[in-house]
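The primary structure of each chain is shown beneath.
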Amino acid sequence: MVVSAALAAVFALPGCAPAGYDPADYGNAAEPAAADVAATPGAEATDGAVDPNVAPTTEATGPAEAGDANAAEVSDDLVTKSLTGTSVAKMGKVVEDQDGFVLYRFDSDGDDPSKSNCNGECAKIWPPATTNDGEPTLKGVSASLVGTVTRADGTKQLTLKGWPLYRYVGDKKPGQWKGQNVNGKWFVITPTGTKNLTCLPKISKPVAPPADATGGDAGGDSGSDYSY
């Protein structure tokens, strides 16, 4: 009887998906991940807490990456103008851009030195947080952790603790984090640059890339064979 009651309690635990959202959109997570879950080699378990030594608000003042004088410019509507450390339901601490969209890091990238390995079709699914001057407005994110990396196409991308930053086209509303644990390689990034593993849904497939380069609606939320 005791064992049965314990099992029932486990299955009654609320899913990771925020209230009002279909848990299936978040990998059908049955329960929040344990703090010591190792999602992929090198995963850093975290409760998403902001570093207490980080000032709540600061402006990035450091110069753009050396040697970037000839970096390709991106249009103003593609520039990530701000990085904000905040909290969202179920996941905890995240970094959002100026539109309130949660940002991610990619295990196949490099952080020392910084390198983005998401190009072509990958970048249509995971739009990079591009910049021209490398100086977004910061709130709850330390300027000392923010930098830039030059992408394969010559544009500059914002980094956090060396990790290139991305949006996910599967997130349709500010505060969503449907990209968490996609292909076991993509994770919500915390304001200190670590992976937020507070909630770890089952590994899921990425959405299909938008129908056109202008950012049309992406395909279904599952079933694609894209490896990124």
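Above: the structure in question.
Just so it is clear, the structure is predicted and the values come from calculations on it, not from any experiment.

Draft legend 1. Looking closely at the overall build of the chain. Helix and strand content of the chain: two helices and twelve strands. Helices (α) and strands (β) of the chain occur, in sequence order from the N terminus, as α-β-β-β-β-β-β-α-β-β-β-β-β-β. Per-residue burial for the chain yields a buried fraction of 44% across its 228 residues. The contacts in the chain between residues at least 6 apart in sequence include a share of 67% that link residues at least 24 apart.

Draft legend 2. Spatial organisation of the state of the cysteines. With the rule as written, the count across this model stands at one disulfide. Covalent S-S linkage joins Cys118 and Cys122, the inter-sulfur distance amounting to 2.0 Å. Disulfide Cys118 to Cys122: torsion about the S-S bond roughly -110°, handedness left-handed. Among the residues examined, Cys122 registers a relative accessible area of 2% and is labelled buried.

Draft legend 3. Structural context of the side chain of Lys195. Mapping Lys195 onto the fold places it in the segment after strand E12 (186-188). In this structure the side chain of Lys195 is engaged in a polar contact, spanning 3.0 Å, whose partner is the side chain of Asp107.

Draft legend 4. Local environment of the nonpolar core. Tyr104, Trp126, Trp177 and Trp186 are the most contacted members of the largest nonpolar core, which has 21 residues in total. At the level of secondary structure, the elements contributing two or more residues to this core comprise strand E4 (104-106), helix H2 (121-125) and E12. In contact with Trp186, not counting residues within four places along its chain, are Tyr104, Arg105, Phe106, Cys118, Cys122, Trp126, Tyr166, Gly179, Gln180, Asn181 and Tyr228. Residues Leu83, Val95, Leu158 and Trp163 belong to the second largest nonpolar core, which totals twelve residues.

Draft legend 5. Inspection of the environment of Gly193 at higher detail. Note that Gly193 resides in the segment after E12. Taking the relative accessible area as the measure of exposure, Gly193 reaches 2% and is therefore buried. When the C-alpha positions of Gly193 and Trp163 are compared, they lie 7.1 Å apart, and in sequence the two are 30 residues distant. Beyond its immediate sequence surroundings of up to four residues, Gly193 is in contact with Arg105, Leu160, Lys161 and Trp163.

Cut-offs used in this document
Position numbers for residues start from 1 in each chain and track the written sequence from start to end. With pLDDT at 70 or above as the cut-off, local features in this predicted model cover only qualifying residues; side-chain atom pairs require 80 or more to be listed or tallied, and sums for whole chains, interfaces and linings still use all residues. Each side-chain value is derived from all of the structure's non-hydrogen atoms; neither hydrogens nor water enter the calculation. A run of H or I in DSSP counts as a helix once it spans at least four residues, and a run of E counts as a strand once it spans at least two, with each numbered from the N terminus. Working definition: with a 1.4 Å probe on protein chains only, accessible area under 20% of the residue-type maximum means buried, over 50% means exposed, and in between means partly exposed. Any pair of residues with heavy atoms lying within 4.5 Å of one another is described as a contacting pair. The definition used for a disulfide is geometric: two cysteine sulfur atoms within 2.5 Å. Distance and chemistry together define a polar contact, namely a pair of N or O atoms within 3.5 Å, with one atom able to donate a hydrogen and the other to accept it when in protein, and with adjacent residues in sequence counting only for side-chain atoms on both sides. We define the nonpolar core as a collection of buried residues of types Ala, Val, Leu, Ile, Met, Phe, Trp, Tyr and Cys that are connected through side-chain atoms lying within 4.5 Å of one another.

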